[in-house]
Amino acid sequence: VTGDGGLVALRPREPGDAATLTAWFEDAETMRWWDQVYPPLPVESFAARIAAAGRPSYHLVSFMVLDAATGTPIGWSGLMHASVEHRHAALGILIGDPAYRSRGYGTAATRAVCRFGFAQMNLARITLTVIPENVAARAAYARAGFVEEGVQRQALWKRGAWHELVHMSVFAESLR
Ligand SMILES: CC(C)(COP(=O)(O)OP(=O)(O)OC[C@H]1O[C@@H](n2cnc3c(N)ncnc32)[C@H](O)[C@@H]1OP(=O)(O)O)[C@@H](O)C(=O)NCCC(=O)NCCS
């Protein structure tokens, strides 16, 4: 899958990506506003899980985000909790390499994964939640066409404090 303006490309995860993914998911700065409480799997177990999962499927859509110019993995993005009945799924994204942040890659990857969800999975709505303090994420989502739906109070306990969670969504026809 090639993304927005040729900036990013997506490919399925491979077992050899486990070490890169683990490093990103263990990085405190990257995970600053991420709803993840538990440490990641050991690299070997993670690689085995990726091998067992195989290609992206309706219920597990998980992509490596590549810099399209070089093919270098720069992040991860996926669609989770897909519902056939309601035709929605939840988006997750990270640009793991800090050198690539705030340069449009996050917005491009968000658009590319949403386009996959709408075109290939026939989704009607893609949702996500974000901590209000995560300014870069909110800016990227808004630019892709996500609209804020509401705020859950005291929704997430992270680093010794409660945080609100902003709910956002985009419809197939309003993706930008
Ligand atoms: C969220 C994330 C995926 C966005 O990717 P990105 O490549 O940085 O996003 P983009 O460059 O496309 O857009 C980010 C926007 O936020 C702006 N921005 C970045 N940091 C900012 C800050 N501290 N304050 C204000 N604006 C900021 C950028 O300038 C840009 O907006 P602009 O192009 O209108 O100027 C990335 O920052 C990331 O991986 N963060 C860590 C993991 C994470 O929090 N994931 C989301 C969990 S909900």
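See the structure above.
This one's a predicted model, so the numbers in the text were calculated from it and none came from an experiment.

Draft legend 1. Fine view of the pattern of salt bridges. Considering all chains together, one arrives at four salt bridges under this definition. Taking the shortest distance from any N to any O, the salt bridge between Arg11 and Asp17 comes out at 2.8 Å. Judged by relative accessible area, which is 19%, Arg11 ranks as buried. The salt bridge partner of Glu149 is Arg125, with a shortest N-O separation of 2.9 Å. Of this pair, Glu149 sits in strand E6 (residues 147–158) while Arg125 sits in strand E5 (residues 125–130), and the two are 24 residues apart along the sequence. Several salt bridges share partner residues, and in doing so they unite Arg11, Glu14 and Asp17 into one network.

Draft legend 2. Spatial organisation of the packing of helix H3 (residues 105–120) against helix H4 (residues 135–144). Closest axis-to-axis distance for the H3/H4 pair is 9 Å, and the angle between their directions is 45°. Here H3 lies oblique to H4, going by the angle between them. The two elements H3 and H4 cross, and the hand of that crossing is right-handed. Residue-level contacts link Gly106, Thr107, Thr110 and Arg111 of H3 to Ala140, Tyr141, Arg143 and Ala144 of H4.

Draft legend 3. The arrangement of the site of the ligand in detail. In the vicinity of the ligand there are 23 residues, among which Ile95, Ser102, Gly104, Gly106 and Thr107 approach most closely. Gly106 has a polar backbone atom sitting 2.8 Å from an oxygen atom of the ligand. Asn134 has a polar side-chain atom sitting 2.8 Å from an oxygen atom of the ligand. Alone, the ligand offers 940 Å² of accessible surface; in the complex the protein occludes 70% of this. For the shell around the ligand, the secondary structure elements donating two or more residues are strand E4 (88–95), H3, E5 and H4.

Draft legend 4. Quick look at the nonpolar core. Of all hydrophobic cores here, the largest spans 34 residues; its most connected members are Leu79, Leu91, Cys114, Ile126, Tyr141 and Phe146. Secondary-structure elements contributing two or more residues to this core are strand E1 (8–12), strand E2 (61–67), strand E3 (73–83), E4, H3, E5, H4 and strand E7 (161–171). With eight residues, the top contributor of residues to this core is H3. Ile126 has contacts with Leu79, Ala89, Leu91, Cys114, Gly117, Phe118, Phe146, Met168, Ser169 and Val170, leaving out every residue within four places of it along the chain.

Draft legend 5. Representation of the sheet that holds E5 within the structure. Ordered by their spatial adjacency, seven strands build an open sheet running E1-E2-E3-E4-E5-E7-E6, and the pairing between neighbours is mixed. On the outer flanks of this sheet lie E1 and E6, each paired with one strand and no other. Pairwise comparison of adjacent strand axes, ignoring direction, gives a mean angle of 30° for this sheet. Examined bridge by bridge, E6 and E7 share eight bridges and lie antiparallel to one another. The partner of Val147 across the bridge, within E7, is Ser169. Helix-sheet contacts for H4 involve E4, E5, E6 and E7, and the interaxial angle to E7 is about 15°.

What counts and what doesn't
Residues numbered from 1 in each chain as written. Predicted model: local features only at pLDDT ≥ 70, side-chain atom pairs only at ≥ 80, totals over all residues. Heavy atoms only, no water. Salt bridge = Lys/Arg side-chain N within 4 Å of Asp/Glu carboxyl O. Buried < 20%, exposed > 50% of the residue type's maximum accessible area, 1.4 Å probe, protein only. Helix = DSSP H or I, 4+ residues; strand = E, 2+ residues; numbered from the N terminus. Axes fitted to C-alpha atoms, helices over the stretch in contact; angles between N-to-C directions. Parallel < 35°, antiparallel > 145°, perpendicular 65-115°, else oblique. Left-handed = near helix turned anticlockwise from the far one by under 90°. Contact = heavy atoms within 4.5 Å. Near = heavy atom within 4 Å. Polar contact = N/O pair within 3.5 Å; in protein donor to acceptor, adjacent residues only side chain to side chain. Areas by Shrake-Rupley, 256 points an atom, 1.4 Å probe, with all protein chains shown as cover. Core = buried A, V, L, I, M, F, W, Y, C linked by side-chain atoms within 4.5 Å. Pairing = 2+ DSSP bridges.

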